[in-house]
Structures are given as C-alpha cells and as structure tokens.
Amino acid sequence: MTTIGLPQLGSQVAEQMASAVSEGLLSRPMWLPSWLFYDAAGSQLFNQITELPEYYLTRTERAIFSEHSDEIVALAADGDALRIVELGAGSADKTRLLLTAAVDRQDTVTYEPVDVSPSALQEAQERIEREIPGVLVSPRVEDYTRGLELDAPTMGERRMVLYIGSSIGNFEPHEAQRLLHSVRSALVPSDSMLLGVDLAKDRASLLAAYDDAAGVTADFNLNLLARLNRELGADFDLTAFAHRAVWNAAQSRIEMHLVSRQRQRVKIPALDLKIDFVIGQTIHTENSYKYRPGQAEALLASAGFAHVATWTDEQKRFAVCLARAT
Ligand code: AVJ
C-alpha cells in the first residue's frame with residue numbers, strides 16, 4: 001500500500017472542504033458539494049441506504065452482475081488477460097462478482113481500486129484478498145476526478161476500468177464527459193470501460209429511493225451539517241433543518257436539499273462565517289442524474305469509447321454499459 005503523499009492528500013481534503021463550504025454557503029441559493037457526504041459516518045449511512053427496500057439501485061446493478069459477469073469479463077478480455085481498475089473503492093460488494101468471474105477465467109487477476117481514502121482502500125484490499133483467492137489487490141491513492149494515471153499495460157494484458165454504482169450520476173453532463181475523457185486518456189485502444197448508470201423512471205419510485213420511510217437518507221443528508229460541526233466547529237442545529245428530495249424532470253435529476261425550518265443564524269468559526277437563514281431557505285446538497293436509454297452509450301462515444309454491449313434489468317431501472325477505447 002502506498003503511503004507517500006497521504007498527509008498531503010489529507011490536508012488537501014481539508015483545504016478543499018474549507019473553500020467549497022465558504023463558496024457554497026456564500027452563494028444564493030446555497031449549495032454544498034456531495035463529496036462532503038462521505039466521512040466515516042456518512043459512508044456508513046450510505047451503506048445502509050444501499051440495503052433499503054426503496055433504494056433499488058444497488059440491488060438491481062448487483063443482479064445484473066450476478067447474471068452477466070462471465071459475459072462482461074469475456075467481452076472485455078477478448079482473449080487477453082484482464083486487469084480490473086475501479087474508480088472509487090466502495091464496499092466492493094458488486095465488484096466481487098466481476099473479480100470472481102475473472103479468476104474463473106484466468107486464475108489470477110490484478111485489481112486496482114483508485115480512491116482518495118486510504119482506509120477505504122485498505123479495507124477493500126484485506127477483504128478481497130481474504131475472500132477471493134487469486135485476486136491481487138494493488139490499491140492507488142488518487143483523486144480520479146482530477147485526472148487518472150495508470151501504469152502502462154504489459155503484453156497480453158488489457159484493462160477494464162469500472163465506474164459503477166451510478167457514481168457518474170453526481171456529475172453534470174459536461175463534467176461527466178470530462179471525467180470519461182480523462183479515463184480514456186489513461187487507456188490504450190482495446191482497453192475498456194464499464195459504466196453503471198441509473199435510468200430515468202417514474203417520479204414516485206425515484207422520490208421514494210431518495211426519501212425513504214426509515215429516514216436513513218434524511219440522516220445521510222443531515223450528516224453533512226454534523227460533519228461541518230465536527231470538522232469546522234460549526235453550530236448547526238440538526239433538528240432545525242429538514243431533508244427534501246426533488247425530481248427535476250427538465251434536468252433529469254434527483255436533487256437533495258436541506259431546508260431551514262426556522263429563522264436562524266449559524267456560526268462556522270473555522271471559516272470565520274456567520275450565515276443567516278430564513279424559514280424555508282435551502283442548501284442544495286446533491287444532484288443524482290438519471291440517464292435516458294442510449295445516453296450513457298452516447299456519452300462514452302463522445303469520450304472515445306465504442307459501444308460493446310449494454311445490460312439492463314427487466315424493468316429497465318438500471319443499465320451497465322461496456323465500451324472499448326478506440
Ligand atoms: C453514490 C451517488 C450513487 O446518487 O444514488 C444515495 C448517493 N444520495 N442516496 C446516488 C445517494 C442519496 C448515490 N451515489
């Protein structure tokens with residue numbers, strides 16, 4: 001595991017957090033970036049979200065992998081040995097299905113998770129090496145949103161880059177394109193990319209997935225304020241804000257907001273800020289874009305990837321696209 005540069009990454013995160021929070025809370029309407037959700041508590045809440053009955057995304061994508069992993073791996077490898085790179089270490093629970101399929105095919109596979117969190121990477125490495133013999137985990141501590149660097153492929157080896165779980169949904173269309181472009185730049189022709197996107201569907205299912213009955217998504221959203229309290233000494237009263245999910249059909253995205261329940265003033269000493277809220281004033285905390293059929297393929301094509309295949313579930317809730325670098 002690489003340790004060089006970690007302290008630097010840590011303070012970079014703190015700096016990015018400070019500047020994003022001041023910028024966002026001084027803007028009108030206010031906003032906070034969704035990457036701030038994922039501190040230890042937020043990551044745990046997100047894992048709980050993935051198990052909620054309303055949150056169909058994770059289980060639908062997992063079902064697609066259960067059914068099609070062998071075919072995905074065979075198409076991506078195309079007769080060569082496959083190396084699997086994943087953007088975001090995640091809980092690697094769905095990735096396991098692809099890794100197992102790769103090991104069945106070629107006995108050993110190198111798995112390279114790329115993440116900013118050394119602890120997430122270490123956890124993924126330990127779990128996967130213990131549970132799937134034949135997988136060699138080679139983690140990379142890197143912020144892939146600022147460009148991706150990969151080692152040159154060896155002879156007879158191809159890379160498949162995974163960007164699954166609808167992670168791309170957090171990006172504006174132009175940012176998503178830029179991200180795929182930077183992935184393409186790190187690859188050579190015949191390498192491939194596997195992209196998992198959530199599909200646009202009826203408003204009720206979407207709203208339920210982002211405003212569940214048990215209130216876990218509300219806690220996830222509010223944890224962002226708790227994090228500002230913990231890390232910046234802010235004095236947000238979590239009971240004075242409500243969670244709100246909105247389906248923005250024109251932009252094809254679910255939005256999450258925090259809504260002030262009262263007039264209030266919040267202090268953030270570390271940023272030397274005092275923010276006043278009126279009743280109903282909102283902080284926009286997340287966009288989760290939902291793709292139309294064919295849209296992911298078009299985005300991949302515009303970034304230099306030729307479509308190979310798309311898999312979806314019976315209800316067309318989620319899509320997984322494989323595309324090859326050209
Ligand atoms: C991790 C970005 C895929 O957009 O569905 C879950 C995050 N936000 N519930 C998503 C999230 C609220 C999730 N992604």
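Values in this document were obtained by computation on a predicted structure and should not be read as measured data.

Glancing now at the sheet that holds strand β8 (residues 241-248). Reading across from one edge, β1-β12-β9-β8 is the order of the four strands in this open sheet, with mixed pairing throughout. For this open sheet the edge positions go to β1 (30-31) and β8, each flanked by a neighbour on one side alone. The pairing of β1 with strand β12 (residues 282-289) spans two bridges and is classified as parallel. In the strand pairing of β12, tryptophan 31 is matched with histidine 284. Contacting β8, β9 (253-260) and β12, helix α8 (residues 216-232) crosses the sheet at an angle of about 60° to β9.

Neighbouring the ligand are 13 residues, the closest being Tyr55, Gly165, Tyr210, Glu286 and Ser288. In this structure, an oxygen atom belonging to the ligand sits 2.5 Å away from a side-chain N or O atom of tyrosine 55. With respect to the ligand, the side chain of serine 288 contributes an N or O atom lying 2.7 Å from an oxygen atom. In isolation the ligand exposes 350 Å². Once the protein is present, 96% of that is buried. The class makeup of the residues in the shell around the ligand is eight nonpolar, four polar and one charged.

Attention now goes to the pattern of salt bridges. On inspection of all chains with the given rule, the structure shows 20 salt bridges. With its nearest N and O atoms 3.0 Å apart, the salt bridge here joins glutamate 142 to arginine 140. Per residue, the accessibility class of glutamate 142 equals that of arginine 140, and both read buried. Shared partners join several salt bridges into a network, and the residues in it are Arg83, Glu112, Arg140, Glu142, Asp151 and Glu157.

Definitions and limits used
Residues numbered from 1 in each chain as written. Predicted model: local features only at pLDDT ≥ 70, side-chain atom pairs only at ≥ 80, totals over all residues. Heavy atoms only, no water. Pairing = 2+ DSSP bridges. Helix = DSSP H or I, 4+ residues; strand = E, 2+ residues; numbered from the N terminus. Contact = heavy atoms within 4.5 Å. Axes fitted to C-alpha atoms, helices over the stretch in contact; angles between N-to-C directions. Near = heavy atom within 4 Å. Polar contact = N/O pair within 3.5 Å; in protein donor to acceptor, adjacent residues only side chain to side chain. Areas by Shrake-Rupley, 256 points an atom, 1.4 Å probe, with all protein chains shown as cover. Nonpolar A, V, L, I, M, F, W, Y, C, P; charged D, E, K, R; others polar. Salt bridge = Lys/Arg side-chain N within 4 Å of Asp/Glu carboxyl O. Buried < 20%, exposed > 50% of the residue type's maximum accessible area, 1.4 Å probe, protein only.

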